[in-house]
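Working through the structure, step by step
So the chains spell out like this:
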Amino acid sequence: MTLSAGMATMVPAGAGGRILDFRRRGTPPRRRRRSVLLALARPMLAAFAVVTLPMGLAAWVLTAPLFRLRDVEVGSIAGRAYGRVPAASVRQSLAAFEGQNLVRLSLAEAARRVQRDPWIASVEMVKELPDRLRVKVAERKPVALLIAGGGFVYADSEGRAIAPVATPAELEEARRAGLLAVSFSRHPHPEGMAAALKVAAELGRVQPTWAAKLARIEVLGEGDFRLQTDALPFPLLVTRGQVGPKVQRLVELLPELSRRYPRIEAVDLRFSRRIVVQPVGTGA
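Residues numbered from 1 in each chain as written. Predicted model: local features only at pLDDT ≥ 70, side-chain atom pairs only at ≥ 80, totals over all residues. Heavy atoms only, no water.

**Looking at the overall build of the protein chain**
Selection rule: Strands are runs of DSSP state E lasting at least two residues, helices are runs of H or I lasting at least four, and both sets are numbered from the N terminus onward. Only protein chains enter the accessibility calculation, which uses a 1.4 Å probe; a residue is then buried when its area is under 20% of its type maximum, exposed when over 50%, and partly exposed in between. We call two residues contacting when some pair of their heavy atoms lies within 4.5 Å. Here the open area of atoms and residues is found with the Shrake-Rupley method and a 1.4 Å probe, where only the protein chains shown may cover a residue.
Helix and strand counts for the protein chain stand at seven helices and 14 strands. The 284 residues of the protein chain split such that 30% are buried. Pairs at least 24 residues apart make up 49% of the contacts formed inside the protein chain by residues separated by at least 6 positions. Accessible surface, the protein chain: about 19,000 Å² in total, of which carbon and sulfur atoms supply 55%.

Written out as structure tokens, the structure reads:
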């Protein structure tokens, strides 16, 4: 046997023998270890994209000129428009927001500015991107003229003051529109206003002519009222719920009262079994 580096040769004794080569196995190749930084790079890049892309988009939306407020569309809430609030007035109240970013605009603050108008009862607002704000308002409906402080104030059905009557011409227009003047012997309150309107309605059912010319109702308290109508030369003192039958009885007595009393200070219909007539000059 002959040995050499990396090979062993065996030669058998007989001729024709085979020569077998024996080679050493080479050292297996080293496997590269993956870098920890490279392993973390992909998820870190993905997380960075997830965070920064929305932030970039948000920053663009909050600063881009495309989203500046340019158009304010004004309408009315169904059934609550009485012509007291012009669209131009609503736009003027929102003029400070013009050109501001619509996304960042505070609807609560905008609504507060619109509701500074005493004629506005409620406001609805909707943003329409990129640059429009839709505004709907509900107006307060005046049903009476509240007499307070020597002047007249528009009042709603709950007796709440709305706005003062500014000029004599405006007062005359309000009277032609059928707004009833209501005063209170004490402080105004919602129940008194509602009761006064009901008393006016009671009078209208039995004497429409008197009700049509009703100029003033004074709320005396405890369900008692003083009615002044241009259809009669004297006021009527009435109790709510008893107007109908008492007025019908008064109509029957009017010829006799006119014959007996040249001038009458007031007629009191609040008693259950009698009508009290106060002639002029007899005192309260």
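**Focus: the pattern of salt bridges**
Side chains bearing opposite charge may pair, as long as their charged atoms lie close to each other. Operational definition: Any Lys or Arg side-chain nitrogen located within 4 Å of an Asp or Glu carboxyl oxygen qualifies as a salt bridge.
Summed over all chains, the structure comprises 18 salt bridges. Here arginine 112 makes a salt bridge to glutamate 109, at a shortest N to O gap of 2.8 Å. Of this pair, arginine 112 and glutamate 109 both sit in helix α3 (residues 107–114), three residues apart, which is roughly one turn of that helix. Residue glutamate 109 is classed as partly exposed on the basis of its relative accessible area of 23%. The partner of aspartate 268 in a salt bridge is arginine 270, and the shortest N-O contact between them spans 2.8 Å. By relative accessible area, arginine 270 is classed as partly exposed at 31%. Three or more residues are tied together by salt bridges with common partners; here these are Asp71, Glu73, Glu128, Arg132 and Arg134.

**Side note on the packing of helix α5 (residues 190–206) against helix α7 (residues 243–260)**
A pair of packed helices can be characterised by two numbers: the angle between their axes and the separation between those axes. What counts, and what does not: Only the contacting stretch of a helix is used when fitting its axis, a line to C-alpha atoms as for every element, and angles between N-to-C directions run 0 to 180 degrees. Note on angle classes: values under 35 degrees are labelled roughly parallel, values over 145 roughly antiparallel, values of 65 to 115 roughly perpendicular, and the remainder oblique. Two helices that cross are described as forming a left-handed crossing if the nearer one is turned anticlockwise from the farther one by less than a right angle, and a right-handed crossing if clockwise. Here the nonpolar group is Ala, Val, Leu, Ile, Met, Phe, Trp, Tyr, Cys and Pro; Asp, Glu, Lys and Arg are the charged ones; every other residue, Gly included, is treated as polar.
α7 packs onto α5 with a crossing angle of 45 degrees between their chain directions and a minimal axis gap of 9 Å. Overall, the two elements α5 and α7 adopt an arrangement that is oblique. Between α5 and α7 the crossing geometry is right-handed. Where α5 approaches α7, its residues Val199, Glu202, Leu203 and Val206 are matched on the opposing element by Val243, Gly244, Val247 and Gln248. Among the residues forming the contact of α5 with α7, the class breakdown is five nonpolar, two polar and one charged.

**A word on the pairing of strand β6 (residues 144–148)**
A regular strand places its side chains on the two faces of the sheet in alternate fashion. Rule in force here: Only when DSSP finds a minimum of two bridges between them are two strands counted as paired.
Here β6 pairs with strand β7 (residues 151–155) via five bridges, running antiparallel. Paired with isoleucine 147 across the two strands is phenylalanine 152, which belongs to β7. Two successive antiparallel strands, β6 and β7, enclose a turn made up of two residues, where glycine 149 displays a positive phi of approximately 60 degrees. As defined by bridge partners, β6 adjoins strand β9 (residues 180–184) across three bridges and the pair is classed as parallel. Looking across to β9, one finds that leucine 145 is bridged to alanine 181.

**A short note on unusual backbone geometry**
Residue leucine 129 is joined to proline 130 through a cis peptide bond whose omega torsion reads 15 degrees. Along the chain, proline 130 turns up in the loop between β4 (120–128) and β5 (132–139). Look at glutamate 222: it is not a glycine, yet its phi comes out positive at around 55 degrees. In this structure, glutamate 222 sits in the loop between β10 (214–221) and β11 (224–229).

**Notes on the environment of serine 185**
Filter applied, for reference: In the analysis that follows, any N or O atom pair within 3.5 Å is treated as a polar contact, provided that within protein one partner can donate a hydrogen and the other can accept it, and provided that, for residues neighboring in sequence, both atoms belong to side chains.
Considering the arrangement of structural elements, one finds serine 185 in the loop between β9 and α5. On the basis of relative accessible area, serine 185 is assigned to the partly exposed category, the value being 42%. For the pair formed by serine 185 and leucine 220, sequence separation is 35 residues and the distance between their alpha carbons is 5.4 Å. Reaching out from serine 185, the side chain makes a polar contact with the backbone oxygen of leucine 220 at a distance of 3.2 Å.

**Here's the deal with the nonpolar core**
The test is simple: Nonpolar core, defined: a set of buried Ala, Val, Leu, Ile, Met, Phe, Trp, Tyr and Cys residues in which side-chain atoms within 4.5 Å join the residues together.
Phe225, Leu227 and Leu236 are the most contacted members of the largest nonpolar core, which has 32 residues in total. Here this core takes six residues from α5, the largest share from any one element. Not counting the four nearest positions on each side in its chain, leucine 227 is found in contact with Val199, Leu203, Leu214, Arg216, Ile217, Pro235, Leu236 and Val238. Listed in part, the 26 residues of the second largest apolar core include Val90, Phe97, Met125 and Tyr154.

Geometry only, nothing functional implied.
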